[in-house]
Amino acid sequence: MPDSQRFRDVLAGDPLLLTPEEAAKLLSVGRTTVYALIKAGDLHPVHIGRSCRLSRTELERYVGRLEAPQAGRAHRSTPRRPATAYQDGLFEPDAENSR
């Protein structure tokens, strides 16, 4: 049996839409990571009123993209922000206030 079919069979009795917390648990990542993926546009949520939900199909699509070979992917047109902030002089005493 193909893995995708086995995955669908296991999830057949589960809810169709998940909270970000439930999606994080299913993906084995933190809740903050799920919100960051939503903000980056990697996950597309469904909004019902003020509630944010993620469909199982969307999670499967995201995981499928992760498993796809990198060579076939298009590169982002906008560069990502650096992972670290510039902290030059952050912890150095201010010369004017130290008098």
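Since the model is a prediction, treat every value here as computed from it, not as a measurement.

## Here we look at the nonpolar core
For soluble globular proteins, nonpolar side chains are generally found buried alongside one another.
Here's step 1: The biggest cluster of nonpolar side chains holds eleven residues, and these are Leu18, Ala23, Ala24, Val34, Leu37, Ile38, Leu43, Cys52, Leu54, Leu59 and Tyr62.
Here's step 2: At the level of secondary structure, the elements contributing two or more residues to this core comprise α2 (20–27), α3 (31–40), β3 (51–55) and α4 (56–67).
Here's step 3: At three residues, α3 tops the list of elements feeding residues into this core.
Here's step 4: The residues contacting Val34, other than those within four sequence positions of it, are Pro20, Ala23, Ala24, Val29, Leu43 and Leu54.

## Structural notes on the pattern of salt bridges
Here's step 1: Applying the stated criterion across every chain, the model contains two salt bridges.
Here's step 2: The salt bridge partner of Arg61 is Glu58, with a shortest N-O separation of 2.4 Å. A residue pair is termed a helical-turn pair when its members lie 3 or 4 positions apart in one helix, as Arg61 and Glu58 do in helix α4 at three residues.
Here's step 3: You can call Arg61 partly exposed: its relative accessible area is 31%.
Here's step 4: With relative accessibility at 10%, the residue Glu58 sits in the buried group.

## So, the packing of α2 against α3
Here's step 1: Two numbers describe how α2 lies on α3: the axes approach to 8 Å, and their chain directions differ by 105 degrees. What the angle tells us is that α2 and α3 run roughly perpendicular. Residues Pro20, Glu21, Ala23 and Ala24 of α2 touch α3, and the partners they reach there are Arg31, Val34 and Tyr35.
Here's step 2: For the contact of α2 with α3, a count of residues per class yields five nonpolar, no polar and two charged.

## Considerations on the sheet that holds strand β2 (residues 46–48)
Here's step 1: As summarised here, the arrangement of the three strands in space is β1-β3-β2, forming an open sheet in which the pairing is antiparallel. Single-partner strands in this sheet number two, and they are β1 (17–18) and β2.
Here's step 2: When β1 meets β3, the two strands line up antiparallel, connected through two bridges. Bridged to Leu18 within β3 is Leu54.
Here's step 3: Packing against the sheet, α4 makes contact with β1 and β3, and its axis sits at approximately 60 degrees to β3.

Thresholds, definitions, all that
- Residues numbered from 1 in each chain as written.
- Predicted model: local features only at pLDDT ≥ 70, side-chain atom pairs only at ≥ 80, totals over all residues.
- Heavy atoms only, no water.
- Core = buried A, V, L, I, M, F, W, Y, C linked by side-chain atoms within 4.5 Å.
- Buried < 20%, exposed > 50% of the residue type's maximum accessible area, 1.4 Å probe, protein only.
- Helix = DSSP H or I, 4+ residues; strand = E, 2+ residues; numbered from the N terminus.
- Contact = heavy atoms within 4.5 Å.
- Salt bridge = Lys/Arg side-chain N within 4 Å of Asp/Glu carboxyl O.
- Axes fitted to C-alpha atoms, helices over the stretch in contact; angles between N-to-C directions.
- Parallel < 35°, antiparallel > 145°, perpendicular 65-115°, else oblique.
- Nonpolar A, V, L, I, M, F, W, Y, C, P; charged D, E, K, R; others polar.
- Pairing = 2+ DSSP bridges.

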